[in-house]
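Tertiary structure, described
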Amino acid sequence: MKVKLRIKRFERGKDREPYWAEYEVEAEPTDRLLDALHAVKWYQDGTLAFRRSCAHGVCGSDAMLINGVNRLACKVLLKDLGQRITVEPMRGFAVIKDLVVEFDRFMEKYRLVEPYLKAGSEPPAKERLQTPEERERFDDTTKCILCGACTTSCPSFWSNPDYLGPAAIVQAHRFLFDSRDEATAERLVVLGARDGVWRCRTIYNCTDACPRGIEVTRAIGEVKKALLLGKR
Amino acid sequence: MAELSEAGGRPRPTGGLELYAWVFMRVSGLLLLFLALGHLAIMHLIHSVEEVNFAFVAERWANPLWRLYDWLLLMLALLHGFNGLRVMVDDYIRSAAWRVASLVSLYGLTFLFLVIGSLVVLIFQPMAGG
C-alpha cells in the first residue's frame, strides 16, 4: 500500500517557523509507522530527524503525535492509521529538530520526585521483604518507560509547563506505594505542592496516550487520595 | 512546581489550600446535585413559575429550614463556580497583569454576591409585605 506522510518539520537555529513536508512511501499494511519513517530517512530525505532506539516499544524514544494523538511510532501499524498520516513532535516540549524534542525539564521533574527507594532504616540481614500483595499495589506504575507521551498529551501541562506532569507523578506513585519506601512524608510534600497533583483536571488524555497501558489518571487520583486520607 | 527554579529545587508546599479546594469541589458538587434537583422539583414540577410570587416566597421562608436550604444552595453554587473559575485563571492566564485583574474581579464579585445573597436570606421579612 502507498501511504502519504505529512511530517511537521523544524530545525532550531535555521527555520523561523515549522513547516509541513510530504513524503510518499510504499509499505505493507502490517508495517509500523517507524518503518515508514525509516523508508523516508534512508531512501528519500536523510535530513529528517527522529529518535528511536530499541524499536520495539520498550525504550520509549519514539513517542510522537501521530494523527493527533501521542503514540510510539514503533507500536502503531500503518493499517490502523489510514493512507494519509500526520506526524508531529510531541506538544509542550521545545523542538530541537523535526520530531526530536527537548527532555531537559521533563527529566528535571523526574529527578524532583526522587524516583528511587528511600529506606533510612537499618537493612535486614538479607533483603527487605515484601508480600505479593504489597508488590501488586504499585505494579501498574512500574511499567513506565519515560517516553513523555502522557505528559505531552496533558492540557494542564500545555498551559502550565511548571506542572509536575503525569509521568513524574506515575514515577512518584511507584515509590510512594512501595511498602519498603520510608520517604512518604517527603514525597507527599512534592506531590501536594501547588504545581503537583492538584493541577490534574482528570482529563484522561494521559491514560489514553500511555503506550504501556498504565492507568495514569487513576494513579494520580490515588496520590490525591493519599494526600487527603493518608497512604493505604 | 511553580517555585521550581530553572536549575531545579524543592517545591514550596501550599499549606493544603489546593487540597481543601479539591475536596470542596467534590463535596459541594455532590450536595449541589441533590439541592439543585430538589429546587428544580419544587419550583418547576410541584409548583410552576407562574405561582412563584412574593406571597409564595414569604410563606416558604417563614420556615427557617427553607431559608437554610436556599442559602446553602446559593453559597455552594457560588463557591463551586468561583473555585472552578479560579482554577481556570490559574491554568490559562499567564500574563501577570491579566492574572491580577481577573483574580481581583473574581474574588471581588464572589464576595459581593455572597454578601448580597446572605443579606437577602437573613433580613427578608415575610410579614412586612404580606
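Residues numbered from 1 in each chain as written. Chains lettered and ligands numbered in written order. Predicted model: local features only at pLDDT ≥ 70, side-chain atom pairs only at ≥ 80, totals over all residues. Heavy atoms only, no water.

1. Observations regarding the environment of His-56 of chain A
Residue placement: His-56 of chain A occurs in the loop between α1 (33-43) and β3 (63-66). Sequence-wise, His-56 of chain A and Lys-75 of chain A are 19 residues apart; in three dimensions their C-alpha atoms are separated by 7.0 Å. (Helix = DSSP H or I, 4+ residues; strand = E, 2+ residues; numbered from the N terminus.)

2. What to know about the side chain of Thr-217 of chain A
Residues and elements named next belong to chain A. Tracing the sequence through the fold places Thr-217 in helix α8 (residues 216-229). Accessibility expressed as a relative area gives 5% for Thr-217, which makes it buried. For Thr-217, the contacting residues outside a window of four places in its chain are Thr-202, Tyr-204, Cys-206 and Thr-207. (Buried < 20%, exposed > 50% of the residue type's maximum accessible area, 1.4 Å probe, protein only. Contact = heavy atoms within 4.5 Å.)

3. Some points on the sheet that holds strand β5 (residues 84-88) of chain A
Residue and element names in this part refer to chain A. With respect to topology, five strands assemble into an open sheet ordered β2-β1-β5-β3-β4, the strand pairing being mixed. Edge positions in the sheet fall to β2 (19-26) and β4 (69-72), since each has one partner strand and no second. Sheet twist, expressed as the mean angle between neighbouring strand axes with direction ignored, is 35°. Bridge count for β3 against β4 is four bridges, and the pairing is antiparallel. Bridging from a neighbouring strand, Ala-63 pairs with Leu-72 of β4. (Pairing = 2+ DSSP bridges. Axes fitted to C-alpha atoms, helices over the stretch in contact; angles between N-to-C directions.)

4. Focus on the domain arrangement of chain A
All names here are of chain A. For chain A, the assigned domains are domain 1 (2-101) and domain 2 (104-229). Relative placement of domain 1 and domain 2: their C-alpha centres are 29 Å apart. Between domain 1 and domain 2, a total of about 1,100 Å² is buried, with carbon and sulfur atoms accounting for 59% of that surface. The largest contributions to the domain 1 side of the interface with domain 2 come from Asn-70, Arg-91 and Phe-93, which together make up 42% of the buried area. Ionic pairing is found between Arg-71 and Asp-208, a salt bridge with its closest N-O pair at 3.5 Å. For the pair domain 1 and domain 2, the number of links is four residue pairs in polar contact (both at pLDDT 80 or more). If you tally residues by element for the side of domain 1 that touches domain 2, the top one is β4, at four residues. (Domains from an automatic or database assignment. Buried area = accessible area lost by both parts, 1.4 Å probe. Salt bridge = Lys/Arg side-chain N within 4 Å of Asp/Glu carboxyl O. Polar contact = N/O pair within 3.5 Å; in protein donor to acceptor, adjacent residues only side chain to side chain.)

5. What to know about α8 of chain A
Under the 1.5 Å per step criterion, the end-to-end length of α8 of chain A is 20 Å for 14 residues, consistent within 8% with the ideal 20 Å. By the burial criterion, the buried members of α8 of chain A are Val-216, Thr-217, Ala-219, Ile-220, Val-223, Lys-224 and Ala-226 of chain A. Against α5 (166-176), α6 (184-191) and α7 (205-209) of chain A together with α1 (17-46) of chain B lie the buried residues of α8 of chain A. Once α8 of chain A finishes, Gly-230 of chain A follows within two positions and takes phi at roughly 90°, a positive value. (Expected span 1.5 Å × (residues − 1).)

6. Structural notes on the pattern of salt bridges
Residue and element names in this part refer to chain A. According to the stated counting rule, one finds 29 salt bridges over all chains in the structure shown. The closest approach of N and O atoms between Arg-9 and Asp-45, which form a salt bridge, is 2.9 Å. With a gap of 36 residues between them, Arg-9 in strand β1 (residues 2-9) and Asp-45 in the loop between α1 and β3 connect regions that are remote in the sequence. Considered together, Arg-9 and Asp-45 belong to a single accessibility category, that of buried residues. Residue Glu-108 is joined to Arg-105 by a salt bridge in which the shortest nitrogen-to-oxygen separation is 3.6 Å. Within this pair, Glu-108 and its partner Arg-105 are both found in helix α2 (residues 104-112), separated by three residues, close to a single helical turn. Exposure remark for Glu-108: the relative accessible area of 13% places this residue in the buried category. Using a relative accessible area of 24% as the deciding quantity, one classes Arg-105 as partly exposed.

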